[in-house]
Amino acid sequence: MEILAVFPPLVAFLVAGLFGKQIGDKGAQFVTCASVILAAISSCVLFGTIALQGEPRIVVLANWISSGDFIVNWSLYVDQLAVVMMCVINIVSACVHVYSIGYMSNDPSKARFMAYLSLFTFAMLMLVTSDNLLQLFFGWEGVGLASYLLIGFWNQKPSANAAAVKAFVVNRVGDFGLALGIMAIFVVFGSIEYDVIFSAAAGKAEDSFNFLGHELHAMTVICLLLFMGAVGKSAQLGLHTWLPDAMEGPTPVSALIHAATMVTAGVFLIARFSPLFEYAPLALQVVCIVGALTAFVAATIATTQFDIKRVIAYSTMSQLGYMFFALGVSAYPAAMFHLVTHAFFKALLFLGAGSVIHAMSDEQDMRKMGGIWKAIPSTYMLMWIGGLSLAGMPFFAGFYSKDMILEAAWADHTWFGNFAFWMGIAAAAMTAFYTWRMIFLTFHGKPRADEKVMANIHESPRVMMIPLLVLATGAIVAGSLFYGGFVGSAHETGHVYDSGHKENYVNLWDKEHFWGDSLFVLPQNDTVEAAHHVPEWVKHLPVIVGLLGIALAYFVYIRRQGFADRVVRLIKPLYLLFFNKWYFDEIYERVFVRNIWRIGRVFWKTGDKRLIDGLGPDGFASLSQSVARRFSKMQTGYLYHYAFVTVLGLLALVSWFMYKAVLQGLI
Amino acid sequence: MVHVQSGIAGVDMIDFPILTLMTVLPLIGVLFIFLIRGDEELVAHNARFAALYTSLFTFALSVYMLGHFDGSSADFQFVEKKEWLPSLGIFYHMGVDGISVFFVALSAFLTPLCILASWDSIKTRVKEYMIAFLVLETFMIGTFCALDTILFYVFFEAVLIPMFLIIGVWGGERRVYSAFKFFLYTLLGSVLMLLALLTLYFQTGTTDIPTLLESPVARDMQMWLWLAFFASFAVKMPMWPFHTWLPDAHVEAPTAGSVILAGVLLKMGGYGFLRFSIPMFPEASAYYADFVYWLSVIAIIYTSLVALVQEDMKKLIAYSSVAHMGFVTLGIFTGTIQGIEGGIFQMISHGLISAALFLCVGIIYDRMHSREINRYGGLVKNMPKYATLFMILMLASVGLPGTSGFVGEFLSLVGAFTVNTTAALFATTGVVLGAIYMLTLYRRVVFGPQEHEDAANMPDLNWREYSILVPLVTLVLLLGIFPNFVISRVAPSADRLVSLYQSGLQGAVIQQIEPAAGFVADLLPMPEVIVNE
């Protein structure tokens, strides 16, 4: 069953990739969709056997690398954490695969597109089912590759190529940290297998090791290095600049990779390594602060963007920030919960946006939309569902998970927990605002598109709407359905946690029993438990600010049109800061990109050409030439020249011997 | 006449001198080519086929050898030993162990591909060209099989001659400058190595490598000998700052010349470090280790940055080779099992990847006669097969997991991290820089709008080019997913190397009491040797 849940996408990739021409577009679409749906069904079955009944399972496929103590297997390790991820990946992927049949119907290279999607799915599954860090790294880079290929899918477009390279390189900067983290773990633990690492973690909680010449707390160093990888992949503040540009890829890609799955790999990584992070409080603090800042900054940017996909992209970044600060306050179950609900509603929003773009003849600028809600009512409805869920309105999926995160942050009772809570509240208000700003700009008001586009508006075909309905169902029910299992308190349901008797797990629907040993929280850090006992105002605040955000959007964009412009004029500098994405790209361009090229040129022209070659071979050659020329000039043919030199040499010789004799005291 | 060392029970033996056969076989091919007569067209045609069949047969022998290689033994295998210069105690001594066996196979694998790659692109003096290549193959295989220092030296130096000719005769416009630069650089190092080999002979009275591995050398002597060997191997690798001959040589060499240069010749430096420097002079290796780390780190960062600004495809890949070799030297001088196995694997892997990348450049060079990156763009439209294979190789060069490029790089870094976190940290930045220059190259050549009509209308791979690239790409992927095929066979020899190194260092603890090698310490301001216990 594990193999059925992981390998069909690989087979599909190979078939569609290698024989795309032979089997044709239809064949490739069928093979890829069928295999991912098969994988999705298999992972749901696995969810039943593993998540609901406890025992993790492992399938060792083959040995990968054995070098001394450095031993790594290809294996499938499926525990609760992995199976949750597998379900999310496969279900969303299946939806996106099917949706792509419709969305890419006018594209000349359909087989290639489907093959890349399947490759991505496979790599992501390898990432989450790994039982060691290196296979995780394989998947990690594999999804990066698929992301690179899909962002640059329209490879005749220079902007798409630039975005693809940027995504790969910025991710590599994060991977640099992850790779070092893996090496550090190998040095500290002597292994990179999860089992060995996690069981030794408590014993090494106080260990230090020598890093860059300093004796440092081993856990903190390791966790910060791993976190660097997560920052890159999950587009947290600092290494986030690739994500908005990644919207150059086709919209199904944005939904699958840059919203629902790949960008959550960082969250998964930290949740997976909760047994280490729990012993590295400083690292958790950093995670929390970075997450909170990301949630806030990204939300501010989202309020000012006009490209519908970029708004959703910044929203994704912001929601990932929520997940990270949840991780930072040890609320791993809450982060995973939000990961799941977010996957559904964000994929829904992206695919809905794709449906809008499709209807508007590939227009993405919201300033050229408006007044189309009557023309595409189903898409409009679905966007509302996605929006309500994103804004955390009661009974939609996002409500449960976002509230849980905010409550956990508050319940942490630390300065950074409080910081994250208030940042999160501010971001929640902005989230609601920019979501309805997007909905109002896109669907309401007067039509701003030209007549040709307006005449051509049409609802998307059924093959695109059915996946949307599946995701919409998830965006509505995933919250209430999984609330108990993911974050529910064992004490509230009356079950008593007993780690000795795992057979009792059956049908116990609370977080301890559900997650089992796959997530680790020190008892004093159990903020999710504490979140069940926060004051009422904490529980209600997110919804209240969300409603205020919606009201504000309604006021600005429906009731008082033109009001927005006045506000913008009033806070011009702030608006420009947000609109220009806090100038990250510009700063990086100045500080890094240009200088790297400049240094390269200096090394080449001055270092290689002038110094090394100049002093080395070329210098040697010209020196020997000039010496030879001088010697040949000396051969003048005049006897008195030679005689003169002979006398000179004799004199020199005699003086040298005399000098030596004087030194030795002979004279 | 030939003594074949018996393998362990249950392992097949080969009862004929396979190493000598593999070394001599190309020369027999040369003989045949010499005998070819007739009009020019026919001679060229026959010479091509004669060279191809000879090299294919040699390759088949190398596969046979790999199949019979006992991967669980650290001993030299298929050993042949007979008297050569008995008055001096010099033997004709051949044999392979885990360290060398894959280099022999790599040489035998790349030669037929090179001959195929030169099929149409070499039009003048085809006969002489093929002879040069086969002679080159003999010397390469001989270098990796030789178990006698004099024999090794002869092969090691002789390699220069056909390579010099290949660049100098069939090269590009500035071929004479490049050929001489290449020759001068490598010869200078070699002279010092010859001195060292002679010193070693007078010190120990033997030129037998297996015996030398067991004979400890006094510490202060090690310091000098190490430097002399280093001069030769560092140029070959090439390590920064002895690398500037490489871009020029690559740029001017014909495609196949670049392939062999990057694929095999560079590995001779690394092989030399593993065969001589580390096991014979362990104390000196440990003493100079920090020095090597920093040269490696500089090589990785410096040449990656230089690669970034290149406008010539071959130069870019040449510079990337220097960076990749930086990982090798970084790994093997850690003296850790991961570092050494990683270094060896990285060399094998780079031998495949860089060879294939140069072939990729050669394929479009044959069509456009330009190496300028700017002259290309949008190739993917007309050349999808080419784009796909080039993509895989580009990713392998970047070190993507699942390709062979990852395994060697990562293991080397793991080895480095265990002994020097700072060097490892700086070296790891190479993976970011590598991604930048390779992706940029690929993007500018293969993707983007089709700005040049002639470049856009080039035909896709023909069957010959396809059959050259596909085996390479397949191996790169297979070794990325199942690298243990190589690592497990290397492991016993690598283990023995590590133990030789470690035991050599343990002797150092006693010797440290004596004030030895003061002059070297004066010469190079470096920290005292730290013995890893």
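Residues numbered from 1 in each chain as written. Chains lettered and ligands numbered in written order. Predicted model: local features only at pLDDT ≥ 70, side-chain atom pairs only at ≥ 80, totals over all residues. Heavy atoms only, no water.

A. Region of the structure containing the overall build of chain B. Within chain B, the regular secondary structure consists of 21 helices and two strands. Projected onto its principal axes, the C-alpha positions of chain B cover 75 × 55 × 45 Å. Within chain B, the proportion of its 533 residues that are buried is 67%. Across chain B, contacts joining residues at least 24 apart in sequence account for 82% of those joining residues at least 6 apart. (Helix = DSSP H or I, 4+ residues; strand = E, 2+ residues; numbered from the N terminus. Buried < 20%, exposed > 50% of the residue type's maximum accessible area, 1.4 Å probe, protein only. Contact = heavy atoms within 4.5 Å.)

B. Layout of the packing of aromatic side chains. Inspection of the entire model under this criterion finds 91 aromatic pairs over all chains. When the centroid spacing of 5.3 Å and the interplanar angle of 80° are considered together, the rings of F198 of chain A and F273 of chain A count as edge-to-face. Pair noted here: F198 of chain A is in helix α8 (residues 194–201) and F273 of chain A is in the loop between α12 (265–272) and α13 (274–277), with a separation of 75 residues, a long-range link. Note on F273 of chain A: relative accessible area 0%, which makes it buried. Stacked on the ring of F306 of chain A, the Lys or Arg R437 of chain A has its end atom at 5.1 Å from the ring centre. Residue placement shows K236 of chain B over the ring face of F156 of chain B; its charged tip is 4.1 Å from the ring centre. (Phe/Tyr/Trp six-rings, centres within 6.5 Å; stacked < 30°, edge-to-face > 60°. Lys NZ or Arg CZ within 6 Å of the ring centre and 35° of its normal.)

C. Region of the structure containing the packing of helix α2 (residues 8–18) of chain A against helix α3 (residues 20–51) of chain A. Residues and elements named next belong to chain A. At a minimum axis separation of 8 Å, α2 and α3 run at an interaxial angle of 170°. Taken as axis vectors, α2 and α3 run roughly antiparallel relative to one another. On α3, the residues that touch P8, P9, A12, V15, A16, G17 and L18 of α2 are G20, Q22, I23, A28, V31, T32, S35, V36, L38 and A39. In the contact of α2 with α3, the residues fall into 12 nonpolar, five polar and no charged. (Axes fitted to C-alpha atoms, helices over the stretch in contact; angles between N-to-C directions. Parallel < 35°, antiparallel > 145°, perpendicular 65-115°, else oblique. Nonpolar A, V, L, I, M, F, W, Y, C, P; charged D, E, K, R; others polar.)

D. A look at unusual backbone geometry. Put simply, M237 of chain B and P238 of chain B share a cis peptide bond, and its omega is -10°. Residue W240 of chain B is joined to P241 of chain B through a cis peptide bond whose omega torsion reads 0°. Unlike most non-glycine residues, S330 of chain A shows phi in positive territory, near 70°. A positive phi angle is found at H369 of chain B, which is not glycine, with a value near 55°. Relative to the elements of secondary structure, H369 of chain B occurs in the loop between α14 (337–368) and α15 (384–398).

E. The arrangement of the pairing of strand β4 (residues 214–217) of chain A in detail. All names here are of chain A. By the bridge criterion, four bridges tie strand β3 (residues 208–211) to β4 in an arrangement that is antiparallel. Across the sheet, N210 pairs through a bridge with E215, a residue of β4. In this antiparallel pair of consecutive strands, β3 and β4, the connection spans two residues, and L212 shows a positive phi of 55°. (Pairing = 2+ DSSP bridges.)

F. Representation of the nonpolar core. Residue and element names in this part refer to chain A. Core analysis: the largest hydrophobic core is formed by 450 residues, its most contacted members being Y148 and F277. Residue contributions to this core peak at 19 residues, all from helix α16 (residues 332–359). For F277, the contacting residues outside a window of four places in its chain are C223, L226, F227, I270, A283, L284, V287 and Y332. (Core = buried A, V, L, I, M, F, W, Y, C linked by side-chain atoms within 4.5 Å.)

G. Layout of a positive patch on the surface. A cluster of like positive charges, contributed by R559, R560, R566, R569 and K572 of chain A, occupies part of the molecular surface. Looking at the element boundaries, R569 of chain A is found in helix α26 (residues 563–570). (Patch = residues over 30% accessible without salt bridge, like charges linked within 9 Å, V, L, I, M, F, W, Y side chains within 5 Å. Areas by Shrake-Rupley, 256 points an atom, 1.4 Å probe, with all protein chains shown as cover. Salt bridge = Lys/Arg side-chain N within 4 Å of Asp/Glu carboxyl O. Lys, Arg positive; Asp, Glu negative; His and termini not counted. Charge placed at Lys NZ, Arg CZ, Asp CG, Glu CD.)

H. Here's a closer look at the pattern of salt bridges. Within this structure, the stated rule accounts for 23 salt bridges over all chains. With its nearest N and O atoms 3.8 Å apart, the salt bridge here joins E283 of chain B to R219 of chain B. Taken as a pair, E283 of chain B in helix α12 (residues 282–308) and R219 of chain B in helix α9 (residues 219–236) lie far apart in primary sequence, 64 residues in all. The two residues E283 of chain B and R219 of chain B agree in class, both being buried. Where R444 of chain B meets E311 of chain B, a salt bridge forms, and the shortest distance between an N and an O atom there is 3.0 Å. Taken together, the residues R444 of chain B in helix α17 (residues 421–445) and E311 of chain B in the loop between α12 and α13 (313–332) connect sequence positions 133 residues apart. Three or more residues joined by partner-sharing salt bridges are found here, namely K166, D245, R310 and D585 of chain A.

I. Up close: the packing of α3 of chain A against helix α4 (residues 80–103) of chain A. Residue and element names in this part refer to chain A. With their axes 8 Å apart at the nearest point, α3 and α4 run at an angle of 155° to one another. Classified by the angle between their axes, α3 and α4 sit roughly antiparallel to one another. Regarding α3 and α4, the two cross each other, and that crossing is left-handed. (Left-handed = near helix turned anticlockwise from the far one by under 90°.)

J. Representation of the interface of chain A and chain B within the structure. Across the contact, 54 residues belong to chain A and 58 residues belong to chain B. Counting each side, the surface lost to burial between chain A and chain B is near 4900 Å², with a carbon and sulfur contribution of 74%. A per-residue breakdown of the area chain A buries against chain B is headed by R172, M183 and W604 of chain A, which together make up 13% of the total. Along the contact surface separating chain A from chain B lie one salt bridge. The salt bridge partner of D613 of chain A is K181 of chain B, with a shortest N-O separation of 2.7 Å. At the junction of chain A with chain B, the criterion picks out 17 residue pairs in polar contact (both at pLDDT 80 or more). For the side of chain A that touches chain B, the secondary-structure elements that each account for two or more residues are β1 (57–67), β2 (70–78), α6 (133–151), α7 (158–189), β3, α28 (584–615) and α29 (617–634) of chain A. It is α7 of chain A that contributes the most residues to the side of chain A that touches chain B, 16 residues altogether. (Buried area = accessible area lost by both parts, 1.4 Å probe. Polar contact = N/O pair within 3.5 Å; in protein donor to acceptor, adjacent residues only side chain to side chain.)

K. Representation of α28 of chain A. Remark: the principal bend of α28 of chain A, roughly 35°, maps to G607 of chain A. Within the span of α28 of chain A, buried status applies to F584, G600, W604, G607, D608, I612 and D613 of chain A. The inward-facing, buried residues of α28 of chain A abut α29 of chain A together with α7 (175–204), α10 (245–252), α12 and α13 of chain B. (Bend = angle between axes of the 7 residues up to and from the residue.)

L. Seen up close, the confidence of the model for chain B. All names here are of chain B. Here chain B shows a mean pLDDT of 88. Residues at 70 or above account for 92%. pLDDT under 50 marks residues 1–11. Its contacts with residues more than four places away, or in other chains, come to 16 contacts. For this predicted complex, the interface score ipTM comes out at 0.90, alongside a pTM of 0.90. (pLDDT = per-residue confidence, 0-100.)

M. Molecular detail of the confidence of the model for chain A. All names here are of chain A. Of all residues in chain A, 97% have pLDDT values of 70 or greater, and the mean over the chain is 89. Highest mean pLDDT in chain A belongs to α12 (96); lowest belongs to helix α22 (residues 490–493) (62). In this model residues 494–506 is a low-confidence stretch, pLDDT under 50, and it forms 17 contacts with partners more than four residues away in sequence or in other chains.

N. The arrangement of the side chain of T186 of chain B in detail. Residues and elements named next belong to chain B. Mapped onto the secondary structure, T186 falls in helix α7. T186 sits in the buried class, given a relative accessible area of 2%. Other than its neighbours up to four places away in sequence, T186 contacts L160, V235 and K236.

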